[in-house]
Amino acid sequence: MDQPPPLVTPTPPNRVRRIAAIAAGLAVLVGAVLLLRTPPDDQATPTTKPTVAPQTTVKAYAREGVIVPGPEGRPSPPPGVHVVPGPQRLQLLWGPRYYPSGQPENAAGYEVQWGRMGTMEFTRLVAVPAVQLDALADNTSYDIEIRTVDAFGQRSQPLKTSATPAATTDDPVWSFNDRFTSRVVPDPVNWRFASTGGCGKATHGEGEDGVHLVISGNCGNDPVALRARAPFTLRDTPVNGEFGRFVVETDHPSLGGDLLLDLVPGPADLIDGSPNGSPAPGPAGVAQDDPSLPPGAIRVRISAADDRTNVQVLVAPGTPRVASAVSAGTAPPPEIGFSVRWEVVLGAGGVTVLRDGVVVGGGNVVPAWRVATALVGFVGATNGIYAGVNLIGFVGAPTTVPVLVVPPEMNSGPVVVAPDAPFSTSVNGARVAGAQAAQVRVVLVPQNPPGEAVNDAFTIEVGGGTFPARPAVPGQPLARGVRYPIVADIPVNSLVLASDGKTLPLQVRGPQHTGQASTRVIYATVELTAPNGAVSPAAGSGIDQPLPRPKPALAKPSAKFFDAAGNPVAEGADVQRGRMVLEIGTDGRAGQQVAGRLAGMAGVEVRLDGQRVAGIPTTTDGPGTGGVWRLALPTGNLTPGRHVVEVKALGVDATTAPTFVYASFQLAR
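Residues numbered from 1 in each chain as written. Predicted model: local features only at pLDDT ≥ 70, side-chain atom pairs only at ≥ 80, totals over all residues. Heavy atoms only, no water.

Points about empty space enclosed by the protein
- Using the criterion set out here, one finds five cavities of 30 Å³ or more in the structure.
- In this structure, the largest cavity occupies an estimated 240 Å³ of space.
- Along the wall of the largest cavity there are 23 residues; nearest its centre are Asp134, Asp251, Gly337, Arg549 and Arg597.
- Contributing elements (two or more residues each) for the lining of the largest cavity: strand E5 (122-126), strand E6 (130-133) and strand E24 (385-395).
- Grouping the constituent residues of the lining of the largest cavity by class yields nine nonpolar, seven polar and seven charged.
- What the second largest cavity holds in volume is close to 90 Å³.
- Around the second largest cavity, the lining is made up of 14 residues, and of these His252, Leu255, Gly256, Gly384 and Tyr386 lie nearest the centre. (1 Å grid on protein atoms, 1.4 Å probe; cavity = no way out; pocket = protein on both sides within 12 Å on 5 of 7 lines; lining within 4 Å. Points joined across faces, edges and corners; volume = space filled by probe spheres on them. Helix = DSSP H or I, 4+ residues; strand = E, 2+ residues; numbered from the N terminus. Nonpolar A, V, L, I, M, F, W, Y, C, P; charged D, E, K, R; others polar.)

Digging into the state of the cysteines
- Under the defined criterion, the tally for this structure stands at one disulfide.
- With a sulfur-sulfur separation of 2.1 Å, cysteine 199 is cross-linked through a disulfide to cysteine 219. Because the sign of the S-S torsion sets the handedness, a value of about 110 degrees for the bond joining cysteine 199 and cysteine 219 places this disulfide among the right-handed ones. Here cysteine 219 lies in the loop between strand E12 (213-217) and strand E13 (224-228) and cysteine 199 lies in the loop between strand E10 (191-194) and strand E11 (200-204), a separation of 20 residues in the sequence. Neither cysteine 199 nor cysteine 219 differs from the other in exposure class; each is buried. (Disulfide = S-S within 2.5 Å. Buried < 20%, exposed > 50% of the residue type's maximum accessible area, 1.4 Å probe, protein only.)

Some thoughts on the pattern of salt bridges
- Taken as a whole, this structure holds 26 salt bridges when the rule is applied.
- Residue arginine 245 pairs with glutamate 242 through a salt bridge whose shortest N-O separation is 2.3 Å. The same class applies to arginine 245 and to glutamate 242, which are both buried.
- Among the salt bridges present, the one from aspartate 258 reaches arginine 301, with a minimum N-O distance of 3.0 Å. Here arginine 301 lies in strand E18 (residues 298-304) and aspartate 258 lies in strand E16 (residues 258-264), a separation of 43 residues in the sequence.
- Among the residues examined, aspartate 258 registers a relative accessible area of 14% and is labelled buried.
- Look at the salt bridges and you will find they share partners, linking Arg192, Arg227, Arg229, Asp269, Arg441 and Glu527 into a network. (Salt bridge = Lys/Arg side-chain N within 4 Å of Asp/Glu carboxyl O.)

Okay, here's the thing in structure tokens:
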């Protein structure tokens, strides 16, 4: 175990006591003045209790006998930077992958500034040696400065460079693609977004998020999905071994969660609740069974781990396999906030998954269908979803986006009602106009007991009549907690709007089982077919705003103890009286993964058994990013038994939540 580094002694204790005595005297004097000026109770006027401003500074402090570290020499700048230009973005990397000779000593994080014509318009704090700058103008030069930040907020000299974003020129021949640069994003002609109970949103990017699609939401473990209205269509015969490929460029799941690339042989908007979780990763290049998937569906599940990216190909049980596993390598973890191009290639030998052109996964299955619905699903981390999408495209047989007839808002009940329940919709009212056919799409979540086979049939009530519904994917069984999409073809003249003239009410009817909760209705929409010769309307001018981006978080603190000789002290172990060392560390990567950037740190405060014993500011040249600090704590005056240390990290912004960590030791008798 490394020995503790040299410790710096704070302000001498006798001076601290003199300052404390002076402060105490001033407090008595101020108290007396306030007492003289206070009116009698009968003259007092009601006042509100003043709001205490959040703490955003930390003063250097050490209780008598405590030794704390302080700043020394400034850190070195990064050794260099590798720049990857892209459309409206720049990716900057200065880590060991490109500079294996070594990183700056004492680096706790980095400050990145950028702008045009020498003006540093933007600043970002990061923990890792990589950053993606978005919302840039193509073919425009940007000046960039990167500084190393140490544990006390000291900055290095800047590493300076300049770079120019540029649009991609090596794209394949698309059968369909969208880069989300239209006035309204996502364009309703191309896309339909679905989430449980409206917990998610698909909107235009704003601010530093740039001109692209943002998926945001707080949906727990429920995936939200963006559904392409254009069918994903494979070629009849392969070209260079490929029937087609499904391409998505996004920064998800670099902040945590899962990215789901689904190809479903049926008109489904949402699939798979994965009530028991997806299968654990299996052998490389082998497709795995997932009972929650509809028959024939192919899912590529991508999840980010600390040291790698997990890529799985999942299919419904009973899906035929080809003889050989697909040759696939492993993928390092994605850089936080970096856009990555994922490609799902469907070939004669199976499914291959590429990340930025490198094979990172696959499965030994070949689709039995030629046309499928393409869904891009997002599962968030504990702090929700905030994902940028730059591109979705298909390569394969020609496909056509259906002409859009703007659908009405849907109003469905929360649960399936009994077949003989009173009608809740009316035959009277305005009808939906501009369509020649309609298909109602509903997603149910059955509540039957686990393992019990159910063959319930459902109908859709709309416009005072009922119409039979069928599974969106033939053969999908009802399973407890698993999303079950159904569809019903409805005559246009039965689409009767509510009294507001905008909302289409409907009700799902189905069997009710004794001792079993009603099947839930989590999503409903209607897809309208335009008359022959119609064209899609121009996109409107309204721009919806995403749900709030998660606030930047501080690097997450940790604490552990060493004895005076530098040996680690196990939690709960007896410590001999005298002196011990408290090491405070931070996990900057974990903090940055909350929002893609770090909150500026004001410093850390340490309390022992509730009493403040140390304060370490981290703002010498600007906000800190974290670090490692070792403090010497005297234990000679403590009573035998358990003692608790609290470490509190504070931000420079009043909206940044402080973070805490607690550790304890046992003082021997």
